[in-house]
Amino acid sequence: MLPPHRPPVPPPLDIARLVPELAPLARRTTALRPKRGAPTPRESSLGGPLLWPRETPWPFCDRRDHHDGAGTVPPGPVPMVPVLQLFARDVPDLPFPEGADVLQLLWCTLLHPDEPSEAVRPALHWRTESAIVPSGRPDEVPRPADGEYEADFLPNPCTLSPVEALDHPHGDLPEELRALVLRAEEEHGFFLTELACVLESKVGGYPAWTQPPDWPFCAAGHRMAHLLSVTGDDEVDMDMGDAGGVYLFVCTECPGMPHALRHDCH
């Protein structure tokens, strides 16, 4: 599996000069740049240990129809695995709820027929670091056993080196703008996705759709905002269904910031 393209930050060409119409669509993003390592619970990480409150039970997935890629269904509840921990100090553009400064994402790595694209099942937690530390961490954190996980969605522990950048849409481009971009690509010899799209694990920006866009809506009918993307690469060692990605969305207008997940792949 080849890692996704990681464009230089800033890009070598000025996309706003080549296609001025793209400029209003630019969004700030933070590329997480995971690197296989041994992160600690007090660090931002992908697949690393979480600063988990001792008094809070570890989440399990008890869906009866979840299964691995071979169709194997485990006999009982399966522990969720740590996927992402982000401290506000490392990702200043992440919109934390008031009073929170730690985001923790876990998921059940198995496939779920009742989720969009039979994707993993997420659990999202917003926490306050100062409230967790005095309580201590659990002595042991459960891990899924053989037959209780799908390896395509089980990340290696990675440290993060966040880099801020500007992100532009590709799957979400309006048709008239798509024609302008195609013309500029032919004239100047570049590809928009290589020059101006951050197609990797990131916070904010646009989903790195590999299939047609599928934005979720909350129960109140609001189109949800893209919160973060987790994509597979050689460091994380997740294929995610053939170079795929998992995109997490939140509704910033509803109380509690309800979330939704989408997954697509080549």
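Now for a description of the structure that goes with this document.

Parameters and conventions
- Residues numbered from 1 in each chain as written.
- Predicted model: local features only at pLDDT ≥ 70, side-chain atom pairs only at ≥ 80, totals over all residues.
- Heavy atoms only, no water.
- Phe/Tyr/Trp six-rings, centres within 6.5 Å; stacked < 30°, edge-to-face > 60°.
- Buried < 20%, exposed > 50% of the residue type's maximum accessible area, 1.4 Å probe, protein only.
- Lys NZ or Arg CZ within 6 Å of the ring centre and 35° of its normal.
- Helix = DSSP H or I, 4+ residues; strand = E, 2+ residues; numbered from the N terminus.
- Pairing = 2+ DSSP bridges.
- Expected span 1.5 Å × (residues − 1).
- Arc of directions from axis to C-beta.
- Contact = heavy atoms within 4.5 Å.
- Core = buried A, V, L, I, M, F, W, Y, C linked by side-chain atoms within 4.5 Å.

So, the packing of aromatic side chains
Inspection of every chain in the model, using the stated rule, returns 7 aromatic pairs. Between W209 and W215, the ring centres sit 6.1 Å apart and the planes meet at 70 degrees, which makes this aromatic pair edge-to-face. W215 shares its class with W209; the two are buried. Each member of the aromatic cluster is reached from another via a ring pair, and the members are W209, W215, Y247 and F249. For R27, the ring lying beneath its charged end belongs to Y206, and the centroid distance is 4.1 Å.

Some thoughts on the pairing of strand β12 (residues 225–231)
Counted residue by residue, β12 has 6 buried out of 7 residues, so it is predominantly covered. Looking at chain direction, strand β11 (residues 202–204) and β12 are connected through 2 bridges and run antiparallel. The residue of β12 that forms the bridge with V203 is L228. Looking at chain direction, β12 and strand β13 (residues 245–250) are connected through 6 bridges and run antiparallel. Considered in β13, the bridge of A225 is made with V250.

Here's the deal with helix α3 (residues 175–188)
Helix length check: α3 (14 residues) gives 20 Å between terminal C-alpha atoms against 20 Å at 1.5 Å per residue, within 8%. Within α3 the residues assigned to the buried category are L177, V181, A184 and E185. Taken around the axis of α3, the buried residues stretch over an arc of 105 degrees, which confines them to a single face. Within α3, the exposed residues directed more than 90 degrees away from the buried face are E175, E176, R183, E186 and E187. Turning to α3, the residues buried within the fold contact α1 (15–18) and α4 (192–195). Positive backbone phi, approximately 70 degrees, marks G189, located one or two places after α3.

Remarks on the nonpolar core
Core analysis: the biggest nonpolar cluster contains 32 residues, and L84, L86, L103, L105, W107, L228 and V230 have the highest contact counts within it. Mapped by element, the contributors of at least two residues to this core are β6 (81–87), β7 (102–108), β9 (158–160), β12 and β13. Of all the elements, β6 adds the most residues to this core, at 4 residues. With residues up to four places along the chain from it excluded, the contact list for L105 reads V81, P82, V83, L84, P122, A123, L124, L228, V230 and L248.

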